[in-house]
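Notes for the structure review
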Amino acid sequence: MRPVSVWQWSLWGLLLCLLCSSCLGSPSPSTAPEKRAGSQGLRFRLAGFPRKPFEGRVEIQRAGEWGTICDDDFTLQAAHVLCRELGFTEATGWTHSAKYGPGTGRIWLDNLSCSGTERSVTECASRGWGNSDCTHDEDAGVICKDERLPGFSDSNVIEVEHHLQVEEVRIRPAVGRGRRPLPVTEGLVEVRLPDGWSQVCDKGWSAHNSHVVCGMLGFPSEKRVNVAFYRKLRKRAAKASARRSKPLGRPIIKLKAKPKPRVGRGPIKRVLLLQKVPKDQPPSRLLAQRQQHSFGLHGVACVGTEAHLSLCSLEFYRANDTTRCPGGGPAVVSCVPSPLYAASSGQKKQQSKPQGEARVRLKGGAHPGEGRVEVLKAGTWGTVCDRKWDLQAASVVCRELGFGSAREALSGARMGQGMGAIHLSEVRCSGQEPSLWKCPHRNITAEDCSHSQDAGVRCNLPYTGVETKIRLSGGRSRHEGRVEVQTGGPGSLRWGLICGDDWGTLEAMVACRQLGLGYANHGLQETWYWDSGNITEVVMSGVHCTGTELSLDQCAHHGTHVACKRTGSHFTAGVICSETASDLLLHSALVQETAYIEDRPLHMLYCAAEENCLASSARSANWPYGHRRLLRFSSQIHNLGRADFRPKAGRHSWVWHECHGCLQEV
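About the thresholds
Residues numbered from 1 in each chain as written. Predicted model: local features only at pLDDT ≥ 70, side-chain atom pairs only at ≥ 80, totals over all residues. Heavy atoms only, no water. Helix = DSSP H or I, 4+ residues; strand = E, 2+ residues; numbered from the N terminus. Contact = heavy atoms within 4.5 Å. Areas by Shrake-Rupley, 256 points an atom, 1.4 Å probe, with all protein chains shown as cover. Buried < 20%, exposed > 50% of the residue type's maximum accessible area, 1.4 Å probe, protein only. Salt bridge = Lys/Arg side-chain N within 4 Å of Asp/Glu carboxyl O. Core = buried A, V, L, I, M, F, W, Y, C linked by side-chain atoms within 4.5 Å. Phe/Tyr/Trp six-rings, centres within 6.5 Å; stacked < 30°, edge-to-face > 60°. Lys NZ or Arg CZ within 6 Å of the ring centre and 35° of its normal. pLDDT = per-residue confidence, 0-100.

Turning to the overall build of the protein, a few remarks are in order. The number of helices and strands found in the protein is 9 helices and 34 strands. Restricting to contacts in the protein with at least 6 residues of sequence separation, those with at least 24 account for 71%. Approximately 38,000 Å² of the protein is accessible, and the part contributed by carbon and sulfur atoms is 52%.

For helix 3 (residues 207-216), the tally of buried residues reaches 8 of 10 residues, placing the bulk of the element in the interior. For helix 3, the full list of buried residues reads Asn209, Ser210, His211, Val212, Val213, Cys214, Gly215 and Met216. Buried-residue contacts for helix 3 involve strand 7 (168-172), strand 8 (186-193), strand 10 (221-223), strand 13 (295-301), strand 15 (332-336) and helix 6 (391-400). Among the residues trailing helix 3, Gly218 stands out with phi positive, at a value near 95°.

Right, let's get into unusual backbone geometry. The step from Trp623 to Pro624 runs through a cis peptide bond, and the omega angle for that step is 0°. Structurally, Pro624 is set in the loop between helix 9 (606-610) and strand 31 (627-632). Despite not being glycine, Asp502 has its phi angle at roughly 60°, a positive value. When you line up the elements, Asp502 lands in the loop between strand 25 (494-498) and helix 7 (505-515). For Asp502, a relative accessible area of 58% translates into the label exposed.

A full pass over the atoms with the stated rule returns 25 salt bridges. Between Arg192 and Glu168 there is a salt bridge whose closest N-O contact spans 3.4 Å. In this pair, Arg192 is assigned in strand 8 and Glu168 in strand 7, connecting sequence segments 24 residues apart. The exposure class assigned to Arg192 is partly exposed, which follows from its relative accessible area of 38%. The class for Glu168 is partly exposed, based on a relative accessible area of 36%. Among the ionic pairs, Asp599 bridges to Arg629, the shortest N-O distance being 2.8 Å. Note that Asp599 is positioned in strand 30 (residues 596-601) and Arg629 in strand 31, a separation of 30 residues in sequence. Note on Asp599: relative accessible area 41%, which makes it partly exposed. Taken together, the salt bridges that share partners define one network made up of Glu370, Glu408, Arg414 and Arg458.

One recurring pattern in soluble globular proteins is that nonpolar side chains are buried together. With 26 residues, the main nonpolar core has Ile60, Ile69, Phe74, Leu82, Leu112, Val121 and Val142 as its most contacted residues. Within the residue set of this core, elements represented by two or more residues are strand 1 (42-47), strand 2 (55-62), helix 2 (76-85), strand 4 (91-95), strand 5 (106-109) and strand 6 (141-144).

Overall, the coordinates contain 5 aromatic pairs when judged by the stated rule. For the pair Trp108 and Trp129, a centre-to-centre distance of 6.2 Å together with 70° between the ring planes defines the contact as edge-to-face. With Trp108 in strand 5 and Trp129 in the loop between strand 5 and strand 6, this pair connects stretches of sequence that are 21 residues apart. Residue class for Trp129 comes out partly exposed when judged on its relative accessible area of 28%. A ring pair is formed by Trp528 and Phe571, whose centres lie 5.4 Å apart and whose planes are at 85°; its orientation type is edge-to-face. One end of the pair, Trp528, is in the loop between strand 26 (519-524) and strand 27 (538-540); the other, Phe571, is in the loop between strand 27 and strand 28 (574-578), and 43 residues separate them in sequence. Given the relative accessible area of 18%, Phe571 is considered buried. A cation over a ring is seen here: Arg45 above Trp66, with NZ or CZ 4.1 Å from the ring centre. Stacked on the ring of Phe88, the Lys or Arg Arg148 has its end atom at 4.5 Å from the ring centre.

Turning to the confidence of the model for the protein, a few remarks are in order. This prediction gives the protein a mean pLDDT of 79; 77% of its residues lie at or above 70. Taken element by element, the protein is modelled with least confidence in strand 12 (residues 271-275), mean pLDDT 37, and with most confidence in helix 3, mean pLDDT 95. Contacts from residues 158-162, a stretch scored under 50 in pLDDT, to residues over four places away or in other chains number 12 contacts. Predicted confidence for residues 348-354 stays below pLDDT 50, and this span has 1 contact to residues more than four positions away or in other chains.

Here it is as structure tokens:
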């Protein structure tokens with residue numbers, strides 16, 4: 001082999017460096033997408049409200065003019081490309097129907113189709129720049145992962161002018177100490193601003209404002225607050241604060257006890273040291289005296305149909321405002337929970353008027369308060385077309401079902417495709433209707449819409465804290481394991497196991513729902529291969545659920561008395577949960593339409609006899625002579641879920657069935 005000199009190697013190395021531009025230190029496109037050939041001349045930004053810094057309506061500046069993107073054919077792959085244009089690593093979701101509010105100006109892109117690997121949105125297919133038949137009610141948005149690309153320079157990303165916005169709302173109890181039953185339904189309204197939690201001035205506060213706040217917190221309605229009671233609390237708290245600001249004078253009072261004669265001993269002098277306490281101090285149970293009011297919001301004026309407080313007219317206090325909410329106090333709301341959540345919080349269940357048959361339901365959702373919207377018409381359940389489906393219509397559905405306002409209005413059969421009729425289309429609600437059927441809508445024909453356009457909702461739910469009282473242990477992932485529950489009262493809380501006797505799918509469904517893990521694939525009565533760690537005590541037995549409960553506490557069980565047929569930590573309950581599941585439904589109408597009676601010779605029924613499809617009297621028949629009278633029909637089974645239906649056993653364990661001439665699962 002001919003030796004190669006070092007000089008020759010250096011020349012080759014220099015040539016390779018020049019070709020690859022690696023020696024010049026130019027940034028890699030994957031780590032520093034500051035300048036992309038396809039993106040030159042375009043600028044991007046996230047806009048709209050309410051939103052967080054990594055989500056919003058996508059706006060593009062082209063030829064000096066800002067515009068939006070239509071949500072037609074928009075997918076997660078397109079969101080990935082746009083999030084990278086904005087400097088984020090990837091997208092976690094996308095929104096439609098102007099969730100962050102309608103934009104203005106041009107609609108630059110329509111029918112955007114990306115594979116997800118493009119370096120620029122200009123490489124994606126579309127109808128062309130500025131060619132669109134959409135309105136700004138169809139503006140698309142993205143939800144990016146809160147992780148920036150390394151070395152990203154935002155020279156092509158313009159952040160909209162920063163405006164204060166309400167990120168979150170909560171209710172803080174004004175009275176009481178210690179653990180309070182959840183959900184909290186009455187208290188001071190507090191909003192989360194960039195600087196922390198602040199209170200809202202109650203000057204001009206209306207029932208419409210309370211309606212919006214309660215809806216955000218998962219409550220369908222509100223009730224009047226005892227304003228006089230809270231005013232009295234404020235006065236007492238203000239008086240106590242003024243008293244504490246004054247000097248107390250002599251802090252210590254010495255009291256000399258009178259001599260008390262005792263047999264055989266002299267008088268004993270006792271000195272008591274008492275601290276002087278103001279007479280007007282309110283009871284220690286009042287939280288108002290322990291926290292100074294911190295107002296950040298005032299002038300709230302809602303119409304009552306808004307799905308979020310940020311959509312209302314409101315004003316923020318400036319940092320240099322020294323006088324805040326003069327003559328007023330913190331806003332207070334009192335929300336009314338639905339019967340299911342009222343029972344979970346220990347409140348008295350109000351006697352409600354008897355209602356007729358429910359005409360709206362949710363199907364296909366993995367969590368409470370979400371699913372495909374189905375309505376009942378002429379005794380038949382059908383779906384709703386997603387045309388013009390928005391937050392107002394979704395909020396009407398959520399409140400009708402006992403939840404709060406809508407968190408998201410879903411389109412494109414995001415909760416699975418239904419079957420049968422599509423009853424409603426182009427539903428236009430104002431947000432004040434008591435039922436979806438009260439909203440203006442258009443009756444649909446067969447060619448107008450398909451089940452790929454079924455509408456769905458995600459509703460706001462009250463915070464009950466039930467997910468903190470259950471956990472899984474020993475599983476290979478967070479979706480499986482031995483079920484552990486927390487029992488006992490304050491000061492005596494402990495974790496324990498559940499007896500596996502009679503534990504089944506219905507109980508596992510409730511456990512997975514309480515854990516927030518969706519559906520139950522399996523409910524196990526024995527958990528030999530899951531290590532329980534140091535938790536070995538069984539604290540619950542006899543659990544029997546209907547499958548609709550929100551937590552295992554709502555299911556029937558033995559209470560504090562634990563009775564388990566098989567002892568040991570291996571005979572305890574376990575679950576395997578899944579975010580998606582199949583949902584099989586028999587097409588009953590087809591069965592009715594195709595059913596008929598047939599007299600069939602016995603020599604043609606060997607397969608039916610082998611699978612026990614004939615009556616027991618067929619065993620004593622004179623085979624192969626004679627005949628049997630059968631009920632024959634066709635059948636179709638639809639999968640309405642969001643997961644494929646798979647058999648329990650793999651194809652390798654299937655056997656050939658001679659009668660049917662096909663492979664069958666054993």
